[in-house]
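# Understanding the architecture of this molecule
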Protein chains: 2
Amino acid sequence: MSSAPKSAAIIGGGVIGGGWAARFLLNGWNVRVFDPDPEASRKISTVLDNARRSLPALYDRLLPPEGRISYHEALSDALDGVDWIQESVPERLDIKHEIHANINTHAPEVAIIASSTSGFKPSELNTNGQRIIVAHPFNPVYLLPLVELVGDPDHCARASMVLNALGMYPLMVRKEIDAHIADRLLEAVWREGLWLIKDGICTTKELDDAICMGFGLRWAQMGLFETYRIAGGEAGMRHFLAQFGPALKWPWTKLMDVPEFTESLVDLISDQSDAQSGHLSIRQLEHLRDDNLVGMMRSLKKSQSGAGATLSTHEQTLKLPKSHDLPITVSRAIPQSWTDYNGHMNEAHFLEAASLATDQFMEMIGAGPDYVAAGYSYFTVENHIRYLTELHSGDRIFITTQVLQGKGRKLHLFHSIIGPNGDIAATVETLLVHMNLTTRKSALPSAEIEEKLKSIANAHAAYPMPDGAGRHVGQARTA
Amino acid sequence: MSSAPKSAAIIGGGVIGGGWAARFLLNGWNVRVFDPDPEASRKISTVLDNARRSLPALYDRLLPPEGRISYHEALSDALDGVDWIQESVPERLDIKHEIHANINTHAPEVAIIASSTSGFKPSELNTNGQRIIVAHPFNPVYLLPLVELVGDPDHCARASMVLNALGMYPLMVRKEIDAHIADRLLEAVWREGLWLIKDGICTTKELDDAICMGFGLRWAQMGLFETYRIAGGEAGMRHFLAQFGPALKWPWTKLMDVPEFTESLVDLISDQSDAQSGHLSIRQLEHLRDDNLVGMMRSLKKSQSGAGATLSTHEQTLKLPKSHDLPITVSRAIPQSWTDYNGHMNEAHFLEAASLATDQFMEMIGAGPDYVAAGYSYFTVENHIRYLTELHSGDRIFITTQVLQGKGRKLHLFHSIIGPNGDIAATVETLLVHMNLTTRKSALPSAEIEEKLKSIANAHAAYPMPDGAGRHVGQARTA
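The rules behind these values
- Residues numbered from 1 in each chain as written.
- Chains lettered and ligands numbered in written order.
- Predicted model: local features only at pLDDT ≥ 70, side-chain atom pairs only at ≥ 80, totals over all residues.
- Heavy atoms only, no water.
- Helix = DSSP H or I, 4+ residues; strand = E, 2+ residues; numbered from the N terminus.
- Rg over C-alpha atoms; globule rule 2.2 N^0.38 Å.
- Buried < 20%, exposed > 50% of the residue type's maximum accessible area, 1.4 Å probe, protein only.
- Areas by Shrake-Rupley, 256 points an atom, 1.4 Å probe, with all protein chains shown as cover.
- Lys, Arg positive; Asp, Glu negative; His and termini not counted.
- Charge placed at Lys NZ, Arg CZ, Asp CG, Glu CD.
- Expected span 1.5 Å × (residues − 1).
- Contact = heavy atoms within 4.5 Å.
- Polar contact = N/O pair within 3.5 Å; in protein donor to acceptor, adjacent residues only side chain to side chain.
- Pairing = 2+ DSSP bridges.
- Axes fitted to C-alpha atoms, helices over the stretch in contact; angles between N-to-C directions.
- Buried area = accessible area lost by both parts, 1.4 Å probe.
- Salt bridge = Lys/Arg side-chain N within 4 Å of Asp/Glu carboxyl O.
- Nonpolar A, V, L, I, M, F, W, Y, C, P; charged D, E, K, R; others polar.
- Least-squares fit on C-alpha atoms with pLDDT ≥ 70 in both.
- Phe/Tyr/Trp six-rings, centres within 6.5 Å; stacked < 30°, edge-to-face > 60°.
- Disulfide = S-S within 2.5 Å.
- Right-handed = clockwise from strand over helix to strand, strands pointing away.
- UniProt positions renumbered as here; feature names shortened; annotations may be inferred.

### Brief notes about the overall build of chain A
When helices and strands are counted, chain A shows 16 helices and 14 strands. Over its C-alpha atoms chain A spans a radius of gyration of 29 Å, topping by over 25% the 23 Å that the globule rule assigns to 479 residues. In terms of principal-axis extent, the alpha carbons of chain A reach across some 90 × 60 × 50 Å. Residue burial in chain A is summarised as follows: out of 479 residues, 61% are buried. Entry remark: accessible area of chain A is about 18400 Å², with carbon and sulfur atoms responsible for 52%. For chain A, the centre of its 44 positive side-chain charges and the centre of its 56 negative side-chain charges are spaced 6 Å apart.

### A look at helix α6 (residues 153-165) of chain A
Residue and element names in this part refer to chain A. If you check α6, its first and last C-alpha atoms are 19 Å apart, about what 13 residues at 1.5 Å a residue would give, namely 18 Å. Within α6 the residues assigned to the buried category are H155, C156, A159, S160, V162 and L163. Residues of α6 that are buried sit in contact with α1 (15-25), β4 (84-87), β5 (112-115), β6 (133-137), β7 (146-150) and β8 (169-172). One side-chain oxygen at the N-terminal end of α6 lies 3.2 Å from the backbone nitrogen of D154; it belongs to D152. In the segment just after α6, G167 is the residue with positive phi, at about 80 degrees.

### A closer look at the sheet that holds β4 of chain A
Within a sheet, each strand pairs with its neighbour through backbone hydrogen bonds, oriented either parallel or antiparallel. Residue and element names in this part refer to chain A. The strand order across the open sheet formed by eight strands is β3-β2-β1-β4-β5-β6-β7-β8, and the pairing between neighbours is mixed. The two strands at the open ends of the sheet, each matched to only one other strand, are β3 (69-71) and β8. Each neighbouring strand pair of the sheet contributes to a mean axis angle of 25 degrees, computed without reference to strand direction. As judged from the five bridges shared by strand β1 (residues 7-11) and strand β2 (residues 30-34), these two strands associate in the parallel manner.

### Details of the interface of chain A and chain B
Each partner contributes to the interface: chain A provides 186 residues, whereas chain B provides 186 residues. Summed over both sides, the interface of chain A with chain B buries roughly 17900 Å², with 61% coming from carbon and sulfur. Across the salt bridge formed by D60 of chain B and R332 of chain A, the nearest N and O atoms sit 2.6 Å from each other. At the junction of chain A and chain B, the tally comes to 89 residue pairs in polar contact (both at pLDDT 80 or more). Partitioning the side of chain A that touches chain B into residue classes produces 91 nonpolar, 50 polar and 45 charged. The pairing of strand β10 (residues 376-387) of chain A with strand β10 (residues 376-387) of chain B spans five bridges and is classified as antiparallel. The residue of β10 of chain B that forms the bridge with E382 of chain A is R386 of chain B.

### A few points about unusual backbone geometry
Residue and element names in this part refer to chain A. The omega torsion across N139 and P140 is 0 degrees, close enough to zero to call that bond cis. Position of P140 relative to the elements: it lies in the loop between β6 and β7. In this structure, Q304 is a non-glycine residue whose phi angle is positive, near 60 degrees. Tracing the chain through its elements places Q304 in the loop between α12 (282-301) and α13 (307-315). For Q304, a relative accessible area of 43% puts it in the partly exposed group. The phi dihedral of R440 falls on the positive side, at around 60 degrees, and the residue is not glycine. Within the element layout of this structure, R440 appears in the loop between β13 (424-436) and β14 (441-442).

### Here's the deal with the relation of the copies chain A and chain B
Aligned on chain B, chain A shows an RMSD of 0.0 Å; the corresponding rotation is 180 degrees and the shift along the axis is 0.0 Å. The relationship between the two copies is best expressed as a two-fold rotation axis. Both copies share a contact surface, since 99% of the interface residues of chain A are interface residues in chain B too.

### Side note on the pattern of salt bridges
Going through the model one piece at a time under the given rule, you end up with 46 salt bridges over all chains. Across the pair D178 of chain A and K121 of chain A runs a salt bridge whose closest N-O atoms are separated by 3.5 Å. With D178 of chain A in the loop between β8 and α7 (182-198) and K121 of chain A in the loop between β5 and α5 (122-125), this residue pair connects regions lying 57 residues apart in the sequence. For the pair D178 of chain A and K121 of chain A, a shared accessibility class is recorded, and that class is buried. Between D290 of chain B and R289 of chain B there is a salt bridge whose closest N-O contact spans 2.9 Å. Across the pair, R289 of chain B and D290 of chain B agree in class, each one buried. One connected set of salt bridges, linked through shared partners, spans D60 of chain A together with R298, K301, E315 and R332 of chain B.

### A word on the environment of D77 of chain A
Residue and element names in this part refer to chain A. Looking at the secondary structure, you find D77 in helix α3 (residues 75-78). With relative accessibility at 38%, the residue D77 sits in the partly exposed group. The sequence separation of D77 and A107 amounts to 30 residues, and the corresponding C-alpha distance is 10.0 Å.

### Some thoughts on the sheet that holds strand β5 (residues 112-115) of chain B
Reading across the sheet, the eight strands line up as β3-β2-β1-β4-β5-β6-β7-β8 (chain B) and stay open at both edges, with mixed pairing between neighbours. The sheet is open, and its two edges are formed by β3 (69-71) and β8 (169-172) of chain B, each paired on a single side. Here the strands of the sheet are splayed against their neighbours by 25 degrees on average, with no regard to which way each runs. As paired elements, strand β7 (residues 146-150) of chain B and β8 of chain B share four bridges and run parallel to each other. Residue pairing across strands places V147 of chain B opposite P170 of chain B, the latter belonging to β8 of chain B. Each of β7 and β8 of chain B is contacted by helix α8 (residues 204-219) of chain A, which is oriented at about 150 degrees to β8 of chain B, the strand it contacts most.

### Details of the packing of aromatic side chains
By the definition in use, this model includes 21 aromatic pairs over all chains. When the centroid spacing of 5.4 Å and the interplanar angle of 75 degrees are considered together, the rings of Y228 of chain A and W190 of chain B count as edge-to-face. Note that Y228 of chain A is positioned in helix α9 (residues 224-231) and W190 of chain B in helix α7 (residues 182-198), a pairing that runs across two chains. W190 of chain B carries the same exposure label as Y228 of chain A, and that label is buried. These aromatic residues form a ring-pair network of at least three members: W20, F24, W29 and W84 of chain A.

### A look at the state of the cysteines
Going through the model one piece at a time under the given rule, you end up with zero disulfides over all chains. Not engaged in a disulfide, the cysteine C156 of chain B finds its nearest cysteine sulfur in C202 of chain A; these two sulfurs lie 15 Å apart. By relative accessible area, C156 of chain B is classed as buried at 0%.

### Here's the deal with the pairing of β5 of chain B
Residues and elements named next belong to chain B. In β5, alternate side chains face the same way, and those of I112 and A114 on one face and I113 and S115 on the other are all buried. In this fold, strand β4 (residues 84-87) hands off to helix α4 (residues 93-106), which returns the chain to β5; that crossover is right-handed. Bridging between β5 and strand β6 (residues 133-137) involves two bridges; their strand directions are parallel. In the sheet register, S115 faces β6, and the bridge partner there is V134.

### What to know about the UniProt feature "binding site: NAD(+)" (unreviewed entry) in chain A
Residues and elements named next belong to chain A. UniProt marks G12, G13, G14, V15, I16 and G17 with the feature "binding site: NAD(+)" (unreviewed entry), using the numbering shown here. Here G14 is to be found in the loop between β1 and α1. By the secondary structure assignment, I16 is in helix α1. In this view, I16 contacts S88, S116, P137, N139 and V141; residues no more than four positions away in its chain are not counted.

Structure below.
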């Protein structure tokens, strides 16, 4: 591919067309939109706003500079010089045929022409000998990687390279079929779900909970077959099939048009499953699954979505140990996701733990989330961290917090991270300043907080100045 | 509930029974196992090992001390004084009936008796007038929150409180039905999936990709109906239903026993959807969904699972800007997940960004992952961070890295985090020591690295000592 900016024509600018526009634009392509809807530009802008606040945040690197978006009244104009044409008009074959004929007349010869159709097969789209492939994406198109490709293998292979460069995951469908692959699975769930709602077994919320509190979490990181391979245990996929095959004859869904469970189908599935996952033992698959589940559920905790809300509620019932010494502000295990390629806890997560210790200290003095909601907070202005011993996944640690100074706007804390052997694994010296959140300027804390801090600071004054406080980076230990 | 440790009897110790044992044990319950299989203890130990490496890592607080696990040859012994009895024997009604009769004879009167059955209804289990409820969990039981509860409402309500205290999510099923809720949806996908494999549309791996690269990610945080509500856009659920209802008549799955799409079904679903999600606008739902997707995909990057692998591959094609000044070691946007309750980037993530800058610097001098794999690395021993201006979600930052000293075992770096206005948002002064990863002791770097460091350090010596280097926490700015 050349280094000149490429361009894509977006034909039809709804949620799907807008999502495609965002995916191309934020990856540096120029985008030319054709949509007779007078609202098209407003609708696409909304999708673009969503995409701009999320897609760049996905990466630890900056995406290339955005391309340019333009709106065109004539289809021929929108198609001028483009490398990719994406049609996302309503799901009616007559509408598709009409627009495809027009696209065919004006499209540059080298351009890939793709339809976002969720249902139609290339053979239905190309009845007039056109060269349209199916490139079926999933909402939100700017974030979800999956694109099902169906149609001419050469065109699909070229399309595949482009989609990879956009950070997407092209999936070649081996034989064309109504609704391709994913939407067939979705349609099956939808049909069964409608029965469950209609029959009063559950509400829409309860059905959603049945998904996102259980198998939804499994499917975000492994699919159906790999998950069931694990369920089969060391005996593998064949064992699972032997165990669960009979359920096909049971009234476990209202959708009873089931395939015959022949020996050759069992062989086909077992062999494909071996090819897919056979390089990992069941134990390795379990560890991978569990680490992924922990990582995802932890990431859902912040938004209180699904399993994240359950986790958060449970966590609040877990109490910190009482201490007659310096207060214990953290007591926890180290998650696998906190480790790095050196096989130990990454430097940043020592500070994450200390930051939680500071949060806990804030709760102790009445400067927690309620105080923040009232417009005041402490901001950290400096941290000094000394890493003394390595910590590893699963290690249990606790943190004690000593007040070095707590007067006026300044709060000077010293956190000691105690490792599983009782050694100090790290120390974090932290300086905070009390802030007015409206002016974003420093300010004096409330009298209650000042009073509390004073009494804690007085009590902590009985402890010696901790080893390592007041030091600069690289200062000799004996100094 | 009293504060004395509670105890649970685990009847049948396979993957599900073992998962229950782990869930109780790691939440401080004593566990009494009955399973005639001589391998039971080995099998449960394997599940416990998995649970011990993952469940505690889920929380930012320590779980209570583990309970005690014991194995019993007599069922009556296992049931002695327990508060909860969980039966997870094979899925055959005659086996269930036999063991339930025995449990009934020996169970303490106050104990909850629950079956893990995935298929049978309470009315089938309790044909002899017993008081067994269904408590159907999902593998891995020690991590996934969902438990479907079916049966006597009072028993289920009591069970619900216990499950909440174990960090689980009890879902009351309103009417008993074969396979409850989630497994009916799973069975529908399974049946459709078997057709797709059998008909050669895709392989097991391709089908799994069609799930975890697309709708699986959606379902880990919102279910079917909330996702479709968003797809309906501002027009809401009713609009979605009008648009997609007709698909029920189309050959989009082989499972054609569909419910009639009557007006009253449309009303039922729309009303339930309003009750479920009506407190959030579509825009709010979209932001929530997108933040969750970004968070989960970022968490999958480390393990290279599903969308995490796609993300990682794409990220490696994104280049850092060239610099004729100090090298640029990070160039990125701030994800929403890096912010905290103060509405700005959390202190720990400044260090996460700087840690990525150090990683990039390591690549520059040839001390990246390959060097680590060969048994050598640099470990951070000290960091000093000064927070100068706030950063927010979406802000684009870059980091420049200056070598202050690079000689022998020591490497002294100074990272400047540059915010969106070109101001220095923070500085991170970091001291690293070169390590032999086998002895876990400091050691001299290779001659190549020493040479490279020397030439970079010489070039950087032309720059002034940065403002803020060599300072201790709280040092006055004028000092």
